[in-house]
Amino acid sequence: MPEVLRVWRDGEVAVLEIDNPPVNATSQAVRRALFDAVQRAQSEPETLAILICGAGRTFTAGGDITEFGKPPREPHLPDLINRIEESAKPIVVAWHGTALGGGCEIGLGAHKRIIAKDGFVGLPEVKLGLLPGAGGTQRLPRLIGPVAALDLIATGRMIGAEEALRLGLVDAIAWKDLRAEAIELARGLIGQMQPRLSLRATPAAEPEAWQAMVAKVNREARGRIAPQRAIELVSQSLTLPFSLGQPNERRAFFELMNSEQSRGLRHLFLAEREAGKRPELANVIPRDLHQIGIIGAGTMGSGIAVAFLDAGFKVMLVEADDTALQAGLERVNGLYLRAIRSGRIDEDTRLNRLSNLVPTTEMSRLAACELVIEAIFEELGVKLELMKKLATLLPASTLIATNTSYLDLEPMADALPSPERFLGLHFFSPAHVMKLLEIVRARRTGLQALSTALAIGRKLKKIAVISGVCEGFIGNRILAKFRAQCEFMLEEGALPREIDAAMEAFGLAMGPFAVQDLAGLDIAWARRKRLAATRDPADRDVPLVDRLCEQGRFGQKSGKGWYAYENGRRVPDPAVEAMVRAHAASTGRPQRSFSAQEIQTRVVTAMVNEGAKILGEGIAARPADIDLVLVHGYGFPNWRGGPMHHADALGLKQMLAVAKDTEARDGRGFQVAPLLAELVSSQRNFSTLNGA
């Protein structure tokens, strides 16, 4: 077993340095080594103080996730931290990089904490459906007060050095040399009695501030149980001694560990780590890009430009004329001004990033770029003309990408010499904010282009998922089936507000009809008109969007869509509901009421069934990739793990039964995926395919 802890002494201070790359996870080997080293230091007369620090780029990013869900192995983290706190010799913890989860809790057990000026600390367990399980919910309130503690525990957010000092989470910031300053801090404690944080009383909270924080946590929990358990445990620190509060915390930790919500969140965590790993790319070296060209400075193009500028790239932004270019520059600058107002960046950062932006109306200047992304009007003919033009302007080595969200990439590739350099980079709006990036692999896309696209995703801090070519790729193809079922239910007796309420109760931030209003119904209308000529008359089709748009109801931007908007507030519109009822009656279909669970099951079944088709066709490599797309691009509740993981949790036999029932009712509008039936017959589930 490799050595995970280096020990040496600086005078009378013993230095214990965790060295467990890549992130110094608090694995069983690390816990054992630390426990034994602290124990030894107690008996060494030459050791009068102890410093715990980390090697590499981070103190520790928390627990070893490969141990989650398995029987815990001694020494348990709470026992290690209790041993640190009980030390008769002062112990200082030095945080650098990130001190997360167990790394933060180790620091809470120490007698003093010092952090590097660029360090971050936090308790992010809630993001995996968990809570701190080594005393964090009981020690942190005693240190910084219950309101601030609940905020950090229930949100899982990381805080920087200055906020940590302001809250009292650290005793000092190391502005120059963390190791040297930490050793001096430890040396200054020699010979002093060190108080134990677990014996301190939690300071009383201001009632109004506490209630406001509780209300905020409950409001933002949106069905997640871990934040609500955080309220309970932090509250207990006010009334219970640590000796009773810590066992309660430990029980809650293991209950949450075994919950479906934590399993779903851990599934997504691992899926994110695996998404970019493809066997065919194992030995392919991505190209190192520096200058990016973007054609089109509309909403998408300007957002993509900001995403690349934020990541340190030089960006050339191209528009057809000066008027359009100026409008695009105003969009880019507006996004940065908004970031300043929200406190995410300062003025110097804005100016620095904009210094890397080159606006132009001369498309020939794109020859200096290593990657060119088109973000123009979503019309195949227009894009084909652009590709032909780029073929004459760009060197054969320049990578070319389209941001199309629906269109077939193959005709665009046909218009280019060296089609192996062409692929799709489907950003989601707003492009500088949304984490998802669909990388669309055309039939002739080369491995180096694909590897480079994945590297770009990492630099942009996006979750990049590879998709094959089909109508809508992974996400929009599933979205189309999901929306179709919602519209079919309108013809069978449901109302838009009932479907939206059911899906919001399921965990979506907004229901499907509210989302359409937000995006603009004219977008869906334009696509419907584009596809009208090729639509099979035998397919089930609901024309309600057409009728709404014909009346000028384009959604929020026009003040009315599926809903009416009064002073920015969404309210059901009797006129629309009457239109829906009249259309439903005209179809001759039986009318009935729908329970929330029926709506949810039918919608999720549509997602899962289409996902199974996508897998069967090889459009997606793994079910987990589909989960990532739907969670990070379309608002599927992350604590459910994505639709494919959720289907496994519900049971595919039940899912198949609902799919068959839907097929019988909808005919050509819904066909059961062969893969779904195959998995049920072989008593397998989607998780067995994630190794693909």
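Source: prediction; values computed, not measured.

A. Summary view of the overall build of the protein chain. Counting its regular elements, the protein chain contains 28 helices and 19 strands. For the protein chain, the spread of C-alpha atoms along the three principal axes comes to 90 × 60 × 55 Å. Counting only residues that meet the buried cut, the protein chain has 54% of its 692 residues in that class. For the protein chain, the share of sequence-separated contacts (at least 6 apart) that also reach a separation of at least 24 residues comes to 73%. Accessible surface, the protein chain: about 29100 Å² in total, of which carbon and sulfur atoms supply 53%. Distance from the positive charge centre (84 side chains) to the negative charge centre (81 side chains) of the protein chain: 1 Å.

B. Inspection of the sheet that holds strand β4 (residues 91–95) at higher detail. With mixed pairing, 6 strands are arranged side by side in an open sheet as β1-β2-β3-β4-β6-β9. Every interior strand has two partners, whereas the edge strands, β1 (5–10) and β9 (172–174), have only one. Neighbour to neighbour, the strand axes of the sheet diverge by 25° on average, direction disregarded. Looking at chain direction, strand β2 (residues 13–18) and strand β3 (residues 49–54) are connected through 6 bridges and run parallel. If you follow glutamate 17 over to β3, its bridge partner there is cysteine 53.

C. Representation of the pattern of salt bridges in the model. With the rule as written, the count across this model stands at 46 salt bridges. The closest approach of N and O atoms between glutamate 617 and arginine 477, which form a salt bridge, is 2.8 Å. With glutamate 617 in the loop between α24 (596–616) and α25 (623–634) and arginine 477 in helix α18 (residues 475–490), this residue pair connects regions lying 140 residues apart in the sequence. Here arginine 477 falls in the buried class, since its relative accessible area comes to 12%. Three or more residues are tied together by salt bridges with common partners; here these are Glu491, Glu492, Arg540, Arg589 and Arg602.

Basis of the calculations
Residues numbered from 1 in each chain as written. Predicted model: local features only at pLDDT ≥ 70, side-chain atom pairs only at ≥ 80, totals over all residues. Heavy atoms only, no water. Helix = DSSP H or I, 4+ residues; strand = E, 2+ residues; numbered from the N terminus. Buried < 20%, exposed > 50% of the residue type's maximum accessible area, 1.4 Å probe, protein only. Contact = heavy atoms within 4.5 Å. Areas by Shrake-Rupley, 256 points an atom, 1.4 Å probe, with all protein chains shown as cover. Lys, Arg positive; Asp, Glu negative; His and termini not counted. Charge placed at Lys NZ, Arg CZ, Asp CG, Glu CD. Pairing = 2+ DSSP bridges. Axes fitted to C-alpha atoms, helices over the stretch in contact; angles between N-to-C directions. Salt bridge = Lys/Arg side-chain N within 4 Å of Asp/Glu carboxyl O.

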